[in-house]
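Inside the fold
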Amino acid sequence: MAASEAGPSFLARLVLVLLGCVFLGAAWVWSHRSEPWAARLVDNAQRTVGLPRR
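First, a word on scope: everything that follows refers to the structure included in this document. Just so it is clear, the model here is predicted, and its values are computed rather than measured. Note that residues are indexed from 1 along each chain, following the sequence as it is written. Two thresholds apply to this predicted model, a pLDDT of at least 70 for residue-level local features and 80 or more for giving and counting side-chain atom pairs, whereas whole-chain, interface and lining totals are computed over all residues. Side-chain metrics rest on all non-hydrogen atoms present in the structure, leaving aside hydrogens and water.

1. A few points about the packing of aromatic side chains
- Planes of paired rings set the category: under 30 degrees apart is stacked, over 60 is edge-to-face and the rest tilted, where pairs are Phe, Tyr or Trp rings (Trp by its six-membered ring) whose centres lie within 6.5 Å. Tallying each qualifying case throughout the model produces one aromatic pair.
- Ring plane angle 35 degrees and centroid distance 5.6 Å describe the contact between W28 and W37, whose orientation is recorded as tilted.
- With a relative accessible area of 48%, W28 lands in the partly exposed category.
- Each residue gets one of three labels from its accessible area relative to the maximum for its type: buried under 20%, exposed over 50%, partly exposed in between, using a 1.4 Å probe on protein chains only. Taking relative accessible area as the criterion, W37 reaches 33% and is therefore assigned partly exposed.

2. Details of the environment of A39
- A run of DSSP states H or I qualifies as a helix once it reaches four residues; a run of E qualifies as a strand once it reaches two. Both are numbered from the N-terminal end. Position of A39 among the secondary structure elements: in helix α2 (residues 36-48).
- Note: C-alpha distance between A39 and V29 (10 residues apart in sequence) is 8.5 Å.

3. Some points on a nonpolar patch on the surface
- To count toward a patch, a residue needs a relative accessible area over 30% and no salt bridge; like charges are then connected within 9 Å, while nonpolar side chains (Val, Leu, Ile, Met, Phe, Trp, Tyr) are connected within 5 Å. Note on areas: Shrake-Rupley with a 1.4 Å probe; residue coverage comes only from the protein chains shown. Think of a salt bridge as a Lys or Arg side-chain nitrogen and an Asp or Glu carboxyl oxygen that are within 4 Å of each other. A surface patch of nonpolar side chains, about 730 Å² in accessible area, is lined by F10, L11, L14, V15, L16, L18 and L19.
- On the secondary structure map, V15 appears in helix α1 (residues 10-31).
- On the basis of relative accessible area, V15 is assigned to the partly exposed category, the value being 42%.

As structure tokens, then:
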């Protein structure tokens, strides 16, 4: 099998897995945003991207 037929490289797969884990973690924190520790994280993230405070 040639390298061009082998599919994504190990590094590309690793990056995709890490992005998936980050996305799932962010979704989990978002689902718990009514708790004080998660509300602080959500507020900090929203401030970082320029959204007004809720």
